[in-house]
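Each chain, letter by letter, is given below.
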Amino acid sequence: MVTRLDKVDAATSKVAHWKTPSQHLHEFFTLERLGKTWKQVRRESRAGTIRDCIDFRDWTQDIGNALKQLRSDIVSGDYQPESPDRFEMPKSKGAFRLITVLGIRDAIVFRAIADAALEAAVEKHRNVQGAYFSRRHAANPVGDAFSLSAGDSFRFFDIWLRYNEYRTRTMLSRPYNYLVVSDISNYFDSIHHELLMEHLAPLGIARPVIATLGRLLESLKPPAGFSPNPRVGIPVDEYDCSRQLAHLFLFEFDYAVCTEVGEDNYVRWMDDHNFGVSTLAEAHAAVNMAGRALAKQRLTVNSGKTIILRPSEVVRHFALDINQEISRFEEKWGGLFVDWKEQARADFEIHAVRWRQRASETGVQDKIFKRMYGIAGKVGSQCLDRFAYIDLLRTPSLAGRVFSSLASRNQHALLLKVFQRYVRDGHSLYDSIEATFFDSLLRLDVDGTDRESLKEFCVQFSMGSVEGQSGGSFGIASSLLAAYWFGADSQNILELYTDEELSSLPAPAIRSWFTILRAASLVEYDFAVQKSAPVQSADVARLMRYFQGLQNRSVKNTYLDVSPTSAWPSRGKYVDPRKWLLMEVFANSRPRYIKRKAKVCLGKASYYARTVQEKAIAARIASKVSSLDL
């Protein structure tokens, strides 16, 4: 018989296992989890399209306490997402994808939740073998390897001749009578927050953690002007936070398609998906089914990009012939660029014009051009230089490859000419392209009047005085770094902006301005601090506290990474210019232990100093630390 006392004990036991929201947050956001996530965020921030002038070293110099404070804010309920910066990633014909630049705190919180959600979703539901979302994961073609038989020779002989390239481009191992290629219309902008939370609820993630994610999404979602902002759309970021959530959101869609066509016949790369079928009727039925499956999640098949291809059409659509020829070229010369560069260059120039002409007839022209510009930079060929402007104009997503190809061969005059024309003609709509251009200048080796011309252009651009520039914050921030790299005078840098202009300058540009002055002259930096009194920005305030800590000896973490990175598409390695800048900041500090760190790092970095600019900065740093004994 159950007594009243037994019931009280049972109720007490249940209450004892019940946890408050703070306890749930305390258990989820452990320092171990936050530390692991921070390492991922830091690594990926250096590989992003837009980079900070010193890769947020000011945020990381006391990372232990910073993570403790972040955890405390989350658990206590004081955590509030920051207002993010955004930039436009160009597509063709003036279209773009809006990229959200997360603050470091928000990136850590967002990525920690996204990692846990995806891990739980995969454990609970199993990820379909052909579904991928990021290049950090190896993608292997699905299905069993195909062997051509007598019955298949008539249908699939064209693909069989290009089989390796077919597998690489489609991620499918088998050829099909009909291959469906499709994607989802405005995928990230169409995800409803409530539906996303429904997908996360069964994964065992505590409700307060999901609520924290909801608050983040509410703050970071794409803006809607002056209208009320509906709870629809998740930001596109460069830390794979949203990509992981968007990936698991499509698990139900994956299962629906695989039920229809089979898992070995289906592959998805984020929202782009391919699947193979035997008949045209099956293709239509599969597309219809995919549309109904997506409709359940308030998503829509992109009918304009949905195509059904026969084997011969697959060859043309994916440009298998051209890609195969390029792959053979890379295989032939890939390991011999140093010894046989002249022969490789001549071989490339024979094929390049023909490849270009044939690529213009395909639907993957931009991907082929991207490969071609990479090879041109590696073998030192100038045969694509005459197309640089028109390619930048028609396919702005090629900007990084076009600029790096010219910069790797030190074609500074043509590089500047192409970009100036691009801006002057009114096509500079994206500050991400502007930032990419100024980053490419950091790879040049110029002196004399050429250096002065580049320096003057960088200074004018940072002032917003170049007619046609977009005025975006990241282009201005990158132009300031380039001006420093080419030796702009600290007094001129100080006087670039009036007090009024400085108060309206975006945070990324102010951070570059402060850092350059701090590296060049403590006197000018002190003037800048007084001048910037009205500037209100958490990122700028944190940077100033870091510099103050370098002066008053409160900074204990003096680790300075000067390890070299690959100089692709050039051969060899180089020390990133942002590391040189931070090294000069250290050298221009009063505490001897910080200056000594700069002197030690200078000895390591000088080995890789090849350009005039690197040697000039190395000489400046050496003069500031010459009185120290190691």
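Above this text is the structure in question.
Owing to the predicted nature of the structure, the values given are computational and were not obtained by experimental measurement.

Honestly, the sheet that holds strand 5 (residues 266–269) in this entry has me stumped. Any pointers?
Hydrogen bonds along the backbone pair up the strands of a sheet, which may run parallel or antiparallel. With respect to topology, five strands assemble into an open sheet ordered 3-5-6-4-7, the strand pairing being mixed. Edge strands, defined here as strands with exactly one partner in the open sheet, are strand 3 (131–132) and strand 7 (307–309). In terms of strand pairing, strand 3 meets strand 5 through two bridges, oriented parallel. Within strand 5, the position partnered with Ala-131 by the bridge is Arg-268.

Help me understand the pairing of strand 5, please; the structure alone is not making it clear to me.
Walk down a regular strand and you will see the side chains alternate between the two sheet faces. Here four bridges tie strand 5 to strand 6 (residues 272–277), and the two strands are oriented antiparallel to one another. Bridge pairing links Tyr-266 to Phe-275 in strand 6. The loop that links strand 5 with its antiparallel partner strand 6 comprises two residues; one of these, Met-270, has a positive phi angle of about 55 degrees.

What am I meant to see in the side chain of Lys-221 here?
Residue placement: Lys-221 occurs in the loop between helix 11 (207–220) and helix 12 (241–249). A residue is classified by how much of its surface remains accessible, and Lys-221, at 2% relative accessible area, is buried. Non-local contacts of Lys-221, meaning those with residues more than four positions away in its chain, are made with Arg-86, His-193, Asn-229, Pro-230, Arg-231, Val-232, Gly-233 and Pro-235.

Help me understand the pattern of salt bridges, please; the structure alone is not making it clear to me.
A side chain of one charge can pair with a side chain of the opposite charge when the charged atoms of the two come close. With the rule as written, the count across this model stands at 32 salt bridges. One salt bridge in this structure joins Glu-194 and Arg-231, with 3.1 Å as the shortest N-O distance. In this pair, Glu-194 sits in helix 10 (residues 193–200) while Arg-231 sits in the loop between helix 11 and helix 12, placing the two residues 37 residues apart along the sequence. Overall, the relative accessible area of 42% leaves Glu-194 in the partly exposed class. Several salt bridges converge on common partners, so that one network encompasses Arg-51, Asp-55, Asp-439, Asp-576 and Arg-578.

Looking at this structure, I do not really get the packing of helix 30 (residues 577–587) against helix 31 (residues 592–605). What am I missing?
Each pair of packed helices can be summarised by the angle the axes make with each other and by the distance between the axes. Contact pair helix 30 / helix 31: the axes reach a minimum separation of 7 Å and the direction vectors enclose 145 degrees. Pair helix 30 / helix 31 crosses with left-handed handedness. In this structure, helix 30 contributes Trp-580, Met-583, Phe-586 and Ala-587 to the contact, and helix 31 contributes Ile-594, Lys-595, Lys-597, Ala-598, Cys-601, Leu-602 and Ala-605. Partitioning the contact of helix 30 with helix 31 into residue classes produces nine nonpolar, no polar and two charged.

What's the story with empty space enclosed by the protein in this structure? I'm lost.
Across all of its chains, the model carries three cavities of 30 Å³ or more by this definition. In this structure, the largest cavity spans a volume of roughly 170 Å³. Lining the largest cavity are Arg-42, Arg-46, Ile-54, Asp-55, Arg-57, Thr-60, Leu-560, Asp-561, Arg-578, Lys-579 and Leu-582. For the lining of the largest cavity, the leading source of residues is helix 30, giving three residues. A breakdown of the residues in the lining of the largest cavity according to their chemical character gives three nonpolar, one polar and seven charged.

About the criteria used
- Residues numbered from 1 in each chain as written.
- Predicted model: local features only at pLDDT ≥ 70, side-chain atom pairs only at ≥ 80, totals over all residues.
- Heavy atoms only, no water.
- Pairing = 2+ DSSP bridges.
- Helix = DSSP H or I, 4+ residues; strand = E, 2+ residues; numbered from the N terminus.
- Buried < 20%, exposed > 50% of the residue type's maximum accessible area, 1.4 Å probe, protein only.
- Contact = heavy atoms within 4.5 Å.
- Salt bridge = Lys/Arg side-chain N within 4 Å of Asp/Glu carboxyl O.
- Axes fitted to C-alpha atoms, helices over the stretch in contact; angles between N-to-C directions.
- Left-handed = near helix turned anticlockwise from the far one by under 90°.
- Nonpolar A, V, L, I, M, F, W, Y, C, P; charged D, E, K, R; others polar.
- 1 Å grid on protein atoms, 1.4 Å probe; cavity = no way out; pocket = protein on both sides within 12 Å on 5 of 7 lines; lining within 4 Å.
- Points joined across faces, edges and corners; volume = space filled by probe spheres on them.

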